[in-house]
Amino acid sequence: MKLGVVIRYVGLVMLLNAAFMLISALISLFNGMDTGFYPLLLSFLITAIIGAFPLIFVPNDNNLSNKESYVIVVMAWVMSCLLGMVPYLIWGGEFTFTNAWFESTSGFTTTGATILSDVEALPKGLLFWRAATHWIGGVGVVLFAIVILPSMGRMKMSLSSAEMSMMAKDNFRYTTKKILQIIIVVYVGLTLCETLVLMAVGMDWFDALTNSFSTVATGGFSTKNLSIMYYHSVTIEMVITFFMLVSGIHMGLIYATLRGKHNNVFRSEVARFYVLSLLVSTLIVSASLLMNHNYTNVWEALRYGVFQVVSYATTTGFASTDNALWPPLAMIVMIYCTIQCAMAGSSAGGVKADRVLLILKAIKARVLKLQHPNAVIRIKQNGLTQEDGVVNAAILLVMIYLLTALVGTVLLTAMNLDLLTSFTATIASLSNVGPGFGKVSNLASFGPLPEAAKWLLSLLMLFGRLEFFGFIHIFMLRSWK
Amino acid sequence: MGIKHKIRLGFITIGILLFLSGIISSLELSRFNRATHNLLEKSQQSIEISKQMLDAVQEQNTALLLSITDTLHSAVYDSLIVKSDRDFDRAYRTAQSGLHDPVQLEAIGTAFQYYNSIVSQVSDSTDIVWFTDVYKTSYYNLTHSIKEFMVRIQQRTIDYTAQLERNAYRASMVGIIALGAGILLLMVFYFMLNNYFIGPVLQITKGLKGYVNSRIPFEVAVSTQDEINTLKEYIATLITAHKKAKPQA
């Protein structure tokens, strides 16, 4: 393996992080040189120098193997989390070493779980950096590196296959270069649109921008202790709900829809399944809230029901109300949303609607096969016949997900956490949702959890973000020829 | 870029990191020192001002008691009361301008206003019963709020010190991080030197040795475009020339 080349590409990703640290430091500077300025400036210097250092020695090399590209992806993520925690560590406050690592990992993996009990105590520069970690992580640290690289060809393809789910890649139907352009255009476009709309409905520019970063990246970090509940505005909730929903859709489909292409969101079977599952979940949750007398008004139940369902299902994790005391039926539906999540090709985590639909179809095909043993039954999704390998890979991923969730839950309960907290914290981290239920409900902080639990959850976030195999490969490099 | 420049740039980069980190660490430490110094200064100032306020009230209290018990109604007590009132007012204004605890200062201000309204009731007919029943309450109220002010400032200092004790390592965090980054860069530097300078030189030596001893073709791949690559090219040319020259010999 060409370790020097790997270090060079990881360095380029670090330079991107450094650029956002500099912007954050400038925000601190223009905010009366608040307490975040020096921590961000020093972090920028360290990150920029570490990023630029390999460029001195390592010549450009575009021929990367799959093994090297996987190492770049994982190393870039881990290094981003490591260097991303430096501003928090230097600033201090509630950030111990473990807390800073947790917050940084939660940011870059777009999980959005926080250890902070008082978010508003943070200076503006640090708040911006928190939101920026979501934004960088959302589009994929490595995807950025591919875009900024002048090189072309095989290398990009092998990097993007590690970054995106394979199913997402199938759906794009464009060249790799075009895919990268689409992702950037859609991602930046959505962020700008949401920022402008939020400003138009009364949010100040800073909150609008940081909340847009969180929404489009399906992250969930907010600048307020009460998250979106702070604004007490139905209009703001509606705007954010819309953008969360859109951000959970395959970026290629959004692009195709905007360009009036044939393979648009309305023709996508997975998009229909995704929206339908959200509708059904919202109706069940709202009805459950009404029946349990959490809300007496139908509209109120729908308002909070739809926001929270979309927030969990798109892996954003914003809060418009405290869901700690929601009834069991609503919780179960929300837990399902946490596992299924949004579409492949978006920045959302979890199992993904594509795989759930594929597995449902595989079950149906199996039943038909039992009824008609000689029949040749093909599983089709979005008009394309899916090979057995794709179906098996989807089933395998779901199995690994559930197995990891089980192991995570057992380990957390061993740390004296209750079952609800342990299970929901595990799946919320694995799916990069952020909040769960129990002690980690949507307005609660992860701060009081044991240190070991925070490390475990951080690992699960990375595990889920890299869709399991990307991470597993790292531990099996020797056997990878 | 030549080897010399690359190595020089490597050292300069590490140097810049350590230098700038050092500067920022110093700035952070001096900011930290300033904050601690300011807090200690404020704490000291608050003790001084609270003492002045308490002294003034005490003096007024004594003057008032003497004026009530004095049957001759000497004017000297009135002037003492006015003087201590002025002293208190001065100390209070200093507290307002220098110490930022508006809630507690407002409490002192309100207590003082009430106290003044009671003191203004003093006349030749006021007796010791009025002093103990009416006046004393306002006096205790005022002295209590001054003491409370003093306690709050002290409590803040205690909290800050406790925080310092808990997070003592934070003071050196900047240095630790810069040191960590420096060590990381040194490791990368060592790896780069090994991989891109020493490694190719060893490969060229091995290739050359193989050619000289066993006539194994000289095939060495050097990815960098620097002096080592030039050296390899020259050696390859030399070997080619040697091969051509050999049959003539």
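The rules we used
Residues numbered from 1 in each chain as written. Chains lettered and ligands numbered in written order. Predicted model: local features only at pLDDT ≥ 70, side-chain atom pairs only at ≥ 80, totals over all residues. Heavy atoms only, no water. Helix = DSSP H or I, 4+ residues; strand = E, 2+ residues; numbered from the N terminus. Expected span 1.5 Å × (residues − 1). Buried < 20%, exposed > 50% of the residue type's maximum accessible area, 1.4 Å probe, protein only. Polar contact = N/O pair within 3.5 Å; in protein donor to acceptor, adjacent residues only side chain to side chain. Core = buried A, V, L, I, M, F, W, Y, C linked by side-chain atoms within 4.5 Å. Contact = heavy atoms within 4.5 Å. Buried area = accessible area lost by both parts, 1.4 Å probe. Salt bridge = Lys/Arg side-chain N within 4 Å of Asp/Glu carboxyl O. Nonpolar A, V, L, I, M, F, W, Y, C, P; charged D, E, K, R; others polar. 1 Å grid on protein atoms, 1.4 Å probe; cavity = no way out; pocket = protein on both sides within 12 Å on 5 of 7 lines; lining within 4 Å. Points joined across faces, edges and corners; volume = space filled by probe spheres on them. Axes fitted to C-alpha atoms, helices over the stretch in contact; angles between N-to-C directions. Parallel < 35°, antiparallel > 145°, perpendicular 65-115°, else oblique. Phe/Tyr/Trp six-rings, centres within 6.5 Å; stacked < 30°, edge-to-face > 60°.

Enquirer: Before we move on, could you go through helix 15 (residues 298-313) of chain A and cite the residues and values that matter?
Expert: All names here are of chain A. Under the 1.5 Å per step criterion, the end-to-end length of helix 15 is 22 Å for 16 residues, consistent within 8% with the ideal 22 Å. Of the residues making up helix 15, those classed as buried are Ala-301, Tyr-304, Gly-305, Phe-307, Gln-308, Val-309, Val-310, Ser-311, Tyr-312 and Ala-313. The N-cap of helix 15, judged by a side-chain oxygen 2.8 Å from the amide nitrogen of Trp-299 a few residues on, is Asn-297. Phi turns positive, to about 65°, at Thr-315, one or two residues after helix 15.

Enquirer: Give a detailed account of the nonpolar core, specifying residues and quantitative values.
Expert: In this structure, A:Trp129 and A:Phe446 are the most contacted members of the largest nonpolar core, which totals 175 residues. Dropping the residues within four chain positions of it, A:Phe446 is found in contact with A:Phe102, A:Ala113, A:Thr114, A:Ile115, A:Ala425, A:Gly434, A:Val440, A:Lys454 and A:Leu457. In terms of nonpolar packing, the next biggest core, distinct from the first, is built from 28 residues, B:Ala56, B:Ala63, B:Phe88 and B:Tyr92 among them.

Enquirer: An account of the interface of chain B and chain A is needed here, citing residue identities and associated values.
Expert: With 32 residues of chain B at the interface, the matching set in chain A holds 27 residues. Between chain B and chain A, the buried area comes to about 2500 Å², and carbon and sulfur atoms account for 82% of it. For the pair chain B and chain A, the interface holds zero salt bridges. Connecting chain B to chain A are zero residue pairs in polar contact (both at pLDDT 80 or more). Elements represented by at least two residues in the side of chain B that touches chain A include exactly helix 1 (3-69) and helix 5 (173-214) of chain B. Ranked by the residues each element gives to the side of chain B that touches chain A, the list is headed by helix 5 of chain B, at 14 residues. In terms of residue class, the side of chain B that touches chain A is made up of 22 nonpolar, six polar and four charged.

Enquirer: I'd like a rundown of the pattern of salt bridges, residues and numbers included.
Expert: In the structure shown here, the tally under the stated rule is twelve salt bridges over all chains. Between A:Glu269 and A:Lys361 there is a salt bridge, with its nearest N and O atoms 2.2 Å apart. Taken together, the residues A:Glu269 in helix 14 (residues 269-291) and A:Lys361 in helix 17 (residues 353-371) connect sequence positions 92 residues apart. Residue A:Lys361 is classed as buried on the basis of its relative accessible area of 17%. One connected set of salt bridges, linked through shared partners, spans B:Glu59, B:Lys83, B:Asp87 and B:Arg90.

Enquirer: Help me get a handle on the environment of B:Pro200, residues and values and all.
Expert: All names here are of chain B. Here Pro-200 lies in helix 5. Take Pro-200: its relative accessible area is 7%, and that puts it in the buried class. Sequence spacing of Pro-200 and Lys-232 is 32 residues, and the spatial spacing of their C-alpha atoms is 9.0 Å. Not counting residues up to four positions away in its chain, the partners in contact with Pro-200 are Asn-194, Asn-195, Val-222 and Ile-228.

Enquirer: An account of the layout of surface pockets is requested, with residue identities and associated values reported.
Expert: Of the pockets and cavities examined, the second largest pocket occupies roughly 470 Å³. Together, 21 residues line the second largest pocket, and A:Leu3, A:Ile7, A:Met75, B:Leu184 and B:Val188 are the ones closest to its centre. Elements supplying a minimum of two residues to the lining of the second largest pocket: helix 1 (3-30), helix 2 (37-57) and helix 3 (66-84) of chain A together with helix 5 of chain B. The leading source of residues in the lining of the second largest pocket is helix 1 of chain A, at six residues.

Enquirer: Outline unusual backbone geometry, listing residues and values.
Expert: All names here are of chain A. A positive phi angle, near 60°, is found at His-293, a position not held by glycine. Topologically, His-293 is positioned in the loop between helix 14 and helix 15. In this structure, Asn-432 takes a positive phi of about 60° despite not being glycine. Note on placement: Asn-432 falls in the loop between helix 19 (419-430) and helix 20 (451-465). Classification of Asn-432 by relative accessible area gives buried; the value is 0%.

Enquirer: So what's going on with the packing of helix 5 (residues 97-108) of chain A against helix 6 (residues 124-139) of chain A? Which residues, and what values?
Expert: Describing two packed helices takes the angle between their axes plus the distance from one axis to the other. Residues and elements named next belong to chain A. Packing of helix 5 against helix 6 leaves a shortest axis separation of 6 Å and a crossing angle of 45°. Relative to helix 6, the element helix 5 lies oblique. Of helix 6, the residues touching helix 5 (which contributes Glu-103, Ser-106, Gly-107 and Phe-108) are Trp-129, Arg-130, Thr-133, His-134, Ile-136 and Gly-137. Considering only residue class, the contact of helix 5 with helix 6 consists of three nonpolar, five polar and two charged.

Enquirer: Pulling in residues and values, what's your account of the packing of aromatic side chains?
Expert: All names here are of chain B. One pass over the full model with this rule turns up 29 aromatic pairs over all chains. An angle of 10° between the planes, with centres 6.4 Å apart, marks the rings of Phe-88 and Tyr-92 as stacked. One end of the pair is Phe-88 and the other is Tyr-92, both in helix 2 (residues 75-98) and four residues apart, which spans about a single turn. Clustering of aromatic rings is evident, with ring pairs tying together Phe-88, Tyr-92, Phe-112, Tyr-115, Trp-130, Phe-131, Tyr-135, Tyr-139 and Tyr-140.

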